Amino acid sequence: MSMSNFGLLHIEEMCFIFRGSELLLRNIPDIELPSEEVVRKCLKENFGRDWFTEKTMGYSAVHLESDAPTPAECRWVRLRILFHENNPLAPLAGRALGLLNWRKSARFCSFCGGALVDDKYETARRCSACDRVLYPRLSPAVMILVQKGDTILLIRHSDRNTDTYTCIAGYIEHGESLEECAVREVREETSLEIANIHYLGSQYWPYPDQLMTVFRADWAGGEIFLQDGDLEEAAWFHRDRLPEIPKPGTIAYRLIRGFL
Ligand SMILES: [Zn+2]
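Residues numbered from 1 in each chain as written. Predicted model: local features only at pLDDT ≥ 70, side-chain atom pairs only at ≥ 80, totals over all residues. Heavy atoms only, no water.

### A short note on the domain arrangement of the chain
- When the domains of the chain are assigned, the result is domain 1 (3–104) and domain 2 (139–259).
- The C-alpha-based centres of domain 1 and domain 2 are spaced at 33 Å.
- Taken together, the 11 residues of domain 1 in the interface contact 10 residues of domain 2.
- Across the domain 1/domain 2 interface, buried area totals approximately 870 Å², and carbon plus sulfur atoms make up 61% of it.
- Among the residues of domain 1 in contact with domain 2, Arg80, Phe83 and His84 are the three that bury the most area, contributing 60% of the side total.
- At the boundary of domain 1 and domain 2, one finds 0 salt bridges.
- In this assembly, domain 1 and domain 2 are joined by 2 residue pairs in polar contact (both at pLDDT 80 or more).
- In terms of residue count, the dominant contributor to the side of domain 1 that touches domain 2 is helix H3 (residues 90–104) (5 residues).
- By residue class, the composition of the side of domain 1 that touches domain 2 is 3 nonpolar, 6 polar and 2 charged. (Domains from an automatic or database assignment. Contact = heavy atoms within 4.5 Å. Buried area = accessible area lost by both parts, 1.4 Å probe. Salt bridge = Lys/Arg side-chain N within 4 Å of Asp/Glu carboxyl O. Polar contact = N/O pair within 3.5 Å; in protein donor to acceptor, adjacent residues only side chain to side chain. Helix = DSSP H or I, 4+ residues; strand = E, 2+ residues; numbered from the N terminus. Nonpolar A, V, L, I, M, F, W, Y, C, P; charged D, E, K, R; others polar.)

The structure is reproduced here in structure tokens:
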């Protein structure tokens, strides 16, 4: 892997430049990262809030200011698009954005308040005062497809202003297993009971640091009763008459399509 030097910056050939969660691409129909020349110019003119290089992974990542202009012959795309299209760049770009997001909250040591600096050898931050090492954090979550005969349970969130229906999901709490989390989330959101819980897979999702694990389960009792204000609607949908569901590339899409 060839590398280039930009003054103090040590930049890998593959460079992900973000503005918020938008990724900078060449302004062509294909998904292609900008040339080295563009990266050089961009960094010179809009030096970012933050940047880092993972030599072992062969890439650099830069976070530009939110009002950074669009460089000539470039365009911004939401990183989600790469996931939706199953683009081969998506996992590494996701890692880059996830680590940039993490670094925003990893500036000071949570033990002594000392300033954190990049560790020389690992993808971690080291406290300049007490020498503790802080590693990137992930938030595990659970998504459950609940099945009842030829129907599945889908929900719609009240705060998302969308007609898209998806599966119940939530973050794991201390003291519970993934399966216990699935039972609790379904019960909390809909007051339904589930059984026969099976793990199906997982997906990393850098918004901001999620590891989503997915399960299927059978309805085991109860009627739908919305427990709190998070959900606009929860209903059983027949496999032949599904509403609008999340886009391809999301794990929710694969989970629901798998049922079909
Ligand atoms: Zn410290």
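After presenting the structure, the write-up continues.
### Section: the coordination of the zinc ion
- Protein coordination at the zinc ion comes from Cys109 (SG), Cys112 (SG), Cys127 (SG) and Cys130 (SG), with a distance range of 2.3 to 2.4 Å.
- Viewed at the metal, the 4 donor atoms of the zinc ion are separated by angles of 98 to 117 degrees, and the geometry they form is tetrahedral.
- For the zinc ion, the single-chain donor residues occur in sequence as C-x2-C-x14-C-x2-C. Residue Cys112 is located in the loop between H3 and strand E8 (116–118), and its partner Cys130 is located in the loop between strand E9 (125–127) and strand E10 (133–134); the two are separated by 18 residues in the primary sequence.
- Classification of Cys112 by relative accessible area gives partly exposed; the value is 42%.
- Judged by its relative accessible area of 29%, Cys130 is partly exposed. (Donors = N, O, S within 2.8 Å, 3.2 Å for Na, K, Ca; no water. Tetrahedral: all angles 85-135°; square planar, octahedral: opposite > 155°, others 65-115°. Buried < 20%, exposed > 50% of the residue type's maximum accessible area, 1.4 Å probe, protein only.)

### Quick notes on the side chain of Asp209
- Mapped onto the secondary structure, Asp209 falls in the loop between strand E14 (193–205) and strand E15 (210–221).
- Overall, Asp209 belongs to the buried group, its relative accessible area being 10%.
- A polar atom in the side chain of Asp209 sits 3.4 Å from the side chain of Arg137.
- Contacts of Asp209, omitting those with residues within four sequence positions, involve Arg137, Leu138 and Ser139.

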